[in-house]
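One-letter residues, chain by chain:
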Amino acid sequence: MSFYSPVITNASEATSNEKLHLFKYVEDPQQHKSEIFESHGGYTAWRKVLGGMSTQQVIDEVKNSGLRGRGGAGFPTGMKWGFVPKNSPKPTYLCCNADESEPGTCKDRVLMERDPHGVIEGMAIAAYAIGCHIMFIYIRGEFNHCIERMEEAAREARERGHLGENIYGSGYDLEMIVHSGGGAYICGEETALLNSLEGERGMSRIRPPIPAIEGLYASPTIVNNVESLAAVPHIINRGADWYKALGTEKSTGTKLFSLSGHVKRPGNFEVELGFSLEKLIYDPEYGGGILDDKKLKGVIPGGASTPFLTPEMINVGLDYESLTTVGSMLGSGAVMVFHEGTCIVWIIKKLIHFFRHESCGKCTPCREGTGWLENMINRIEAGQGQPGDIEKIEEVCGNILGRTICPLGDAAVMPIQSAIKNWREEWQYHIDHGKCQVETDFSFR
Amino acid sequence: MILTEESIQKIKEKAARYPHRKSAILPALTVAYRQVGHLNDEIYREIGRVINIPPVEIAEAATFYTMFPKKPVGKYLLQVCHNLSCALVGADSMITYLEDKLGIKKGETTDDGLFTLISVECLGSCATAPMIQINHDFHENLTREKLDKLLEELRAKA
Ligand SMILES: Cc1cc2nc3c(=O)[nH]c(=O)nc-3n(C[C@H](O)[C@H](O)[C@H](O)COP(=O)(O)O)c2cc1C
Ligand code: SF4
Ligand code: FES
């Protein structure tokens, strides 16, 4: 058995645990074929929807399930669909966001590669709910294997009558376009994604209007993450009440977590929302503990743009509310772990380099601010920090936060503020001594 | 002409799918990049003729996207992810290792024109780090041994 991506998953747990559903078949090497997908119950939800559910019934079911966006912002999915004007004179569009570029995140890729029809079925149901007849999936350009898989699956779905004209004799038509990007993190931001899809530079748009009112080609458009959409067929099949019973009261359902960095068993794991972060890191079934049995220093729980957690905080549930309580965010579910031998200034240097590189340049605070921050942080990291640098960094951060067109500006700033708050002494040491307090040496083995 | 008949055909097919022609720009650039290995003004002009869009609009879009090299690169473009998850498990030392082994610095191409080494942002392989993308393929969970073997295979194939 071999997959393009050798990543570890907990599919074996998912096959025996009735609550898990996204990863149930991701270790089945045949699952990407429509026939096998169908033999596992695939496309039954789509048939059920076209067999007599109204668009409002579909929206209500998803609303009642409590499903929230898995792309980072956590917006309630059914509610978002409800924003699309009814009987719009313009066509409506669905764009599945498969840009997957938030550092640490590598989960959507598994769904596209190993269960592409699950993604298509979810997209189709969402498309129907908003009255869309041409749906897109925007896949980051580097994911060639996913692009090929999704194209193949879309072709197959059409051949087998799941897409195309008059699907299942219902009179409903739906076509799918697999679109590939050009390697830009910002194109994961939904309005930049739409510009990119229109053939423009991938720069964010000023809101309002929100995409649900005026999105792709100035028409009502819904953008949803791959994982959010992949959950939809399960909600339709088993009902909102079943889904709502999973997870916590306010964070319902399951979520995929990408675990990376200094753990013994990095991988992608499907767990119920509210699952213990500590368990995810240390349990032998999941992360298996810290690499080389070193001491944990910190965790980024939701992708590169979410604030850090220190070891005292990891006894926390992985859900939207609990992570907010400890000052961070669930984000895209990318848990990045680092041990005691990691310099915090070095981490921030890595992250700010990324954000500066990916800033689309449309607004000054983000474009200029990330540049200033990178220069200052590089200086400190190189041992040339000066008294007052920390305060200057804090000031620049304060001038970016909340003053930008899209959330990338905030995303760049929040980890920095949190790194200073949690490890201020270490920053000071770096400036005073011109070197790291802890020796950072990650040799490639 | 730089674009082959096959590429032109592919671009036309892709362009036909979209409700608006301009949406075909990125897919067209991707097809051209796959064929040529980089992009340039002549390619923008050719694409412009195929999909009937002013070349300047194609260039405008193309220059935004870092995935496409804008000048010729080696036969194998080695793209090492240097972002956090990869760096925590040795990406930076992997870059140094490659620099030493190939006798070039990051951003350079070997004299025989085989390898260009660059570092890139997160490629969505964070739980299978460190990783490298070579041309269009990912190679994950790398060790020194695996990387050595990979380079040997590429040399043998060249
Ligand atoms: C800089 C930036 C990058 C983003 N990248 C992604 C991404 O790669 N994938 C994704 O689904 N959402 C990403 N988002 C969030 C999207 O803007 C949007 O909220 C999401 O796709 C909506 O889908 P959901 O409601 O299903 O989560 C990003 C947001 C920002 C600000
Ligand atoms: S915050 Fe940054 S990425 Fe977002 S629109 Fe402004 S410059 Fe572009
Ligand atoms: S950090 Fe290297 S692939 Fe994500």
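Residues numbered from 1 in each chain as written. Chains lettered and ligands numbered in written order. Predicted model: local features only at pLDDT ≥ 70, side-chain atom pairs only at ≥ 80, totals over all residues. Heavy atoms only, no water.

1. Digging into the overall build of chain A
Selection rule: Each helix is a run of H or I in the DSSP string that is no shorter than four residues. Each strand is a run of E no shorter than two, and both are numbered from the N terminus. Two things to know: the radius of gyration comes from C-alpha atoms, and the globule rule equals 2.2 Å times the number of residues to the power 0.38. Charged-residue counts in this description rest on Lys and Arg as positive and Asp and Glu as negative, His and the chain ends being excluded. Taken as the charge centre is NZ of Lys, CZ of Arg, CG of Asp or CD of Glu, depending on the residue.
Summing up its helical and strand segments, chain A has 17 helices and ten strands in all. Whereas a compact globule of 445 residues would reach a radius of gyration of roughly 22 Å, chain A reaches 22 Å, a difference of no more than 12%. In chain A, which carries 44 positive and 57 negative side-chain charges, the distance between the mean positions of the two groups comes to 2 Å.

2. Describing the overall build of chain B
The criterion, for reference: Remark: exposure states derive from per-residue accessible area (1.4 Å probe, protein chains only) relative to the maximum for the residue type, with buried under 20%, exposed over 50%, and partly exposed in between.
The helix and strand tally for chain B stands at seven helices and four strands. Tracing chain B from N to C terminus, the helices and strands come up as α-α-α-α-β-α-α-β-β-β-α. Projected onto its principal axes, the C-alpha coordinates of chain B cover approximately 50 × 35 × 25 Å. Buried positions account for 56% of the 158 residues belonging to chain B.

3. Description of the confidence of the model for chain B
Detailed reading of the predicted coordinates is not advisable wherever pLDDT falls low. Our working rule: As a per-residue measure, pLDDT tells how confident the predictor is, with possible values from 0 to 100.
Per-residue confidence for chain B gives a mean pLDDT of 97, with 100% of residues at or over 70. Quick note on the complex model: pTM equals 0.98, ipTM equals 0.98.

4. Focus on the site of ligand 1
All names here are of chain A. Convention followed: Only heavy atoms are used to decide nearness, and a residue is near a molecule or strand if one of them lies within 4 Å of it. Side-chain atoms alone can form a polar contact between residues adjacent in sequence; in general such a contact is a pair of N or O atoms within 3.5 Å, and within protein one must be able to donate a hydrogen while the other accepts it. Values of accessible area rely on a 1.4 Å probe in the Shrake-Rupley scheme; residue burial ignores everything except the protein chains shown. Residue polarity is assigned by list, with Asp, Glu, Lys and Arg as charged and Ala, Val, Leu, Ile, Met, Phe, Trp, Tyr, Cys and Pro as nonpolar; anything else, Gly included, falls into the polar class.
The environment of ligand 1 is made up of 18 residues, and the closest members are Gly 71, Asn 97, Asn 224, Asn 225 and Ser 228. Interatomic distance of 3.0 Å between a side-chain N/O atom of Lys 80 and an oxygen atom of ligand 1. Take Asn 97: an N or O atom from its side chain is 2.9 Å from an oxygen atom of ligand 1. Taken by itself ligand 1 offers 610 Å² of open surface, and the protein chains cover 90% of this. Element by element, the count of residues in the shell around ligand 1 is highest for strand β4 (residues 221-225), at three residues. For the shell around ligand 1, a count of residues per class yields four nonpolar, eight polar and six charged.

5. Structural notes on the domain arrangement of chain B
We count it as follows: Start and end positions for the domains come from either an automated domain assignment or a database one.
Partitioning chain B into domains gives domain 1 (5-64) and domain 2 (76-157). Of note, the centres of domain 1 of chain B and domain 2 of chain B, computed from C-alpha atoms alone, are 29 Å apart.

6. Digging into unusual backbone geometry
Cis rather than trans, the peptide bond between Pro 208 of chain A and Pro 209 of chain A has omega equal to 5 degrees. Within the fold, Pro 209 of chain A resides in the loop between α9 (190-197) and β4. The omega torsion of the bond from Ala 129 of chain B to Pro 130 of chain B falls at -5 degrees, within 30 degrees of zero and hence cis. Not every positive phi belongs to a glycine, and Ala 218 of chain A is a case in point at roughly 60 degrees.

7. Considerations on the interface of chain B and chain A
Rule in force here: Residue contacts are defined here by distance: any two heavy atoms, one from each residue, within 4.5 Å place the two residues in contact. Accessible surface is computed with a 1.4 Å probe, and the buried area is the amount of it that two parts give up when combined, taken over both parts together. When a carboxyl oxygen of Asp or Glu lies within 4 Å of a side-chain nitrogen of Lys or Arg, that pair is called a salt bridge.
Taken residue by residue, the interface counts 51 residues in chain B and 66 residues in chain A. Of the roughly 4500 Å² buried between chain B and chain A, counting both surfaces, carbon and sulfur atoms make up 57%. If you sort the residues of chain B by the area they bury against chain A, Phe 64, Leu 84 and Leu 88 of chain B come out on top, with a joint share of 16%. Between Glu 140 of chain B and Arg 109 of chain A there is a salt bridge, with the nearest N and O atoms lying 2.6 Å from each other.

8. Observations concerning the packing of helix α16 (residues 389-400) of chain A against helix α17 (residues 408-433) of chain A
Residues and elements named next belong to chain A. The condition is simple: Here, axes are lines fitted to C-alpha atoms. For helices the fit covers the stretch in contact, and angles between N-to-C directions go from 0 to 180 degrees. Any angle from 65 to 115 degrees is called roughly perpendicular, while one under 35 is roughly parallel, one over 145 is roughly antiparallel, and all others are oblique.
Between α16 and α17, the least distance of the axes is 10 Å, while the angle of their chain directions is 170 degrees. What the angle tells us is that α16 and α17 run roughly antiparallel. Seen from α16, the contacting residues are Asp 389, Ile 390, Glu 391, Ile 393, Glu 394, Cys 397, Gly 398 and Ile 400; seen from α17, they are Gly 409, Asp 410, Val 413, Ile 416, Gln 417, Ile 420, Arg 424, Trp 427, Gln 428 and Ile 431. In terms of residue class, the contact of α16 with α17 is built from nine nonpolar, four polar and five charged.

9. Observations concerning the packing of helix α4 (residues 55-65) of chain A against helix α7 (residues 116-129) of chain A
Residues and elements named next belong to chain A. For the pair α4 and α7, the least separation of the axes is 8 Å and the interaxial angle reads 120 degrees. Relative to α7, α4 is oriented oblique. Where α4 approaches α7, its residues Thr 55, Val 58 and Ile 59 are matched on the opposing element by Ile 125, Tyr 128 and Ala 129. Residue classes in the contact of α4 with α7 are distributed as five nonpolar, one polar and no charged.

10. With respect to the environment of Leu 309 of chain A
Residue and element names in this part refer to chain A. Assignment of secondary structure puts Leu 309 in the loop between β8 (296-300) and β9 (317-318). Along the sequence, Leu 309 and Ala 98 sit 211 residues apart, while their C-alpha atoms lie 27 Å from each other. If near-sequence neighbours (up to four positions away) are discounted, Leu 309 is found in contact with Leu 277, Gly 298, Val 299, Pro 301, Val 316, Leu 323, Val 326, Ser 328 and Trp 423.

11. Brief notes about the sheet that holds strand β3 (residues 175-180) of chain A
Residue and element names in this part refer to chain A. This is how it is decided: Pairs of strands are assigned from DSSP output, requiring at least two bridges between the strands.
The strand order across the open sheet built from four strands is β3-β2-β1-β4, with neighbouring strands paired in parallel fashion. A single partner strand is all that each edge strand has here, and the edge strands are β3 and β4. Within the sheet, the average angular offset between the axes of one strand and its neighbour, ignoring direction, is 20 degrees. Taken together, the five bridges between strand β1 (residues 92-98) and β4 define a ladder with parallel strand orientation. Looking at β4, one finds that Asn 97 is bridged to Asn 225. Running at roughly 90 degrees to β4, helix α10 (residues 226-238) makes contact with β1 and β4 of the sheet.

12. Some points on the state of the cysteines
All names here are of chain A. So the rule is basically this: Our working definition of a disulfide is a cysteine sulfur pair at a distance within 2.5 Å.
The tally for this structure, following the rule as stated, stands at zero disulfides over all chains. As a non-bridged cysteine, Cys 132 has Cys 95 as the owner of its nearest cysteine sulfur, 8.2 Å distant. No disulfide involves Cys 187; its sulfur sits 9.1 Å from that of Cys 360, the nearest cysteine. With relative accessibility at 1%, the residue Cys 187 sits in the buried group.

13. So, a nonpolar patch on the surface
Test applied: Candidates for patches are residues over 30% relative accessible area with no salt bridge; among them, like charges are joined within 9 Å and nonpolar side chains (Val, Leu, Ile, Met, Phe, Trp, Tyr) within 5 Å.
A cluster of nonpolar side chains, Phe 75, Met 79, Phe 83, Ile 210 and Ile 213 of chain A, forms an exposed patch at the surface whose accessible area comes to about 400 Å². Residue position: Phe 83 of chain A is located in the loop between α5 (77-82) and β1.

14. Re the nonpolar core
Inclusion rule: Buried residues of nine kinds, namely Ala, Val, Leu, Ile, Met, Phe, Trp, Tyr and Cys, make up a nonpolar core once their side-chain atoms join them within 4.5 Å.
Ranked by size, the top nonpolar core spans 87 residues in total, and within it Phe 308, Leu 373, Ile 393 and Trp 427 of chain A together with Leu 29, Ile 47 and Ile 51 of chain B carry the most contacts. The biggest single contributor to this core is α17 of chain A, with ten residues. Listed in part, the 80 residues of the second largest apolar core include Ala 11, Leu 94 and Val 226 of chain A together with Cys 122 of chain B.

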